[in-house]
Amino acid sequence: VALVGLPNAGKSRLFNVLTGSNALVSPMAGTTRDWLVAPLKLGGSFEIDLIDTAGLGFSPDPLADAVRSMTFSLLRQVDLLVLCHSADSHERVSLDLLPDVPVVRIITRSDSSTTKEWKEQACSSVTGEGIGEVLALLASSVGELPNRRGAPHLARSKEQLEKLLARLRVAHAIALNDDGAELVALELRHALDALGEIAGTISSDDLLGRIFSRFCIGK
């Protein structure tokens, strides 16, 4: 989930408040040049990677233009855009280059304006006003995404977790019946394979080394 908007829209300060990070905050436009990423729990089972991005405004600075192009390229890979409009600015950023990415719009820096009526959810990273509502909005928006990048992985993880548990139950039964430590080790090997598919490639050598150090097989 990426925070996007014009320079000085309050993205970095909001990023810090939501994630407890220490991204550099400055009134100077273009302070954020690269992506900053931090995990954010939204309640329930949702945990997202929240991304602070460089401002999308136009600039005669060649480096700023290159940063803008790179940012748009990377934004095509995210699941949700949080478009931040500063309460004290009427300027708006266009996301026409990202037509296929879902967008949630919020008003940032609400403390900088006397206006208190907005169509979008407003918040202030200075006073804390509306921060809880923004978190709730993020949670509901992420929950409604039909094709979250994590969703296929979660489905595969559930299947592999069921295999892992089944193998552990078999290993437990073999151990209780004293049917052979080598059979227990075999079931643990299959369980670790299932775990490896959930968490990525892992090495079971250390664990199996401890198991096989207690007995000898294959003679």
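Residues numbered from 1 in each chain as written. Predicted model: local features only at pLDDT ≥ 70, side-chain atom pairs only at ≥ 80, totals over all residues. Heavy atoms only, no water.

K.L.:
Outline the nonpolar core, supporting the account with residue identities and numerical values.
P.N.:
In terms of nonpolar packing, the biggest core is built from 23 residues, with Val1, Leu14, Leu50 and Leu138 touching the most fellow members. Elements with a minimum of two residues in this core: α1 (11-19), β2 (36-41), β3 (47-52), β4 (81-86), β5 (103-108) and α3 (131-144). With five residues, the single largest contributor to this core is α3. In terms of nonpolar packing, the next biggest core, distinct from the first, is built from 15 residues, Val4, Leu6, Leu56 and Val78 among them. (Core = buried A, V, L, I, M, F, W, Y, C linked by side-chain atoms within 4.5 Å. Buried < 20%, exposed > 50% of the residue type's maximum accessible area, 1.4 Å probe, protein only. Helix = DSSP H or I, 4+ residues; strand = E, 2+ residues; numbered from the N terminus.)

K.L.:
Outline the state of the cysteines, supporting the account with residue identities and numerical values.
P.N.:
Tallied over the full model, the rule gives zero disulfides. Not part of a disulfide, Cys123 finds its nearest cysteine sulfur in Cys84, a span of 7.2 Å. (Disulfide = S-S within 2.5 Å.)

K.L.:
Can you tell me about the sheet that holds strand β1 (residues 2-5), naming the residues and giving the values?
P.N.:
Ordered in space as β2-β3-β1-β4-β5-β6, the six strands form an open sheet in which the pairing is mixed. A single partner strand is all that each edge strand has here, and the edge strands are β2 and β6 (121-122). Bridge count for β5 against β6 is two bridges, and the pairing is parallel. Residue Ile106 lies in a different strand from β6, and its bridge partner there is Gln121. (Pairing = 2+ DSSP bridges.)

K.L.:
If you had to explain the pairing of β4 to someone new, which residues and values would you point to?
P.N.:
The buried fraction of β4 amounts to six of the six residues, a majority that puts the element mostly inside the structure. Burial along β4 is two-sided: Leu81, Leu83 and His85 facing one way and Val82, Cys84 and Ser86 facing the other are all buried. When β1 meets β4, the two strands line up parallel, connected through four bridges. For Leu3, the partnering residue across the bridge sits in β4 and is Val82. Bridging between β4 and β5 involves six bridges; their strand directions are parallel. Bridged to Cys84 within β5 is Ile106.

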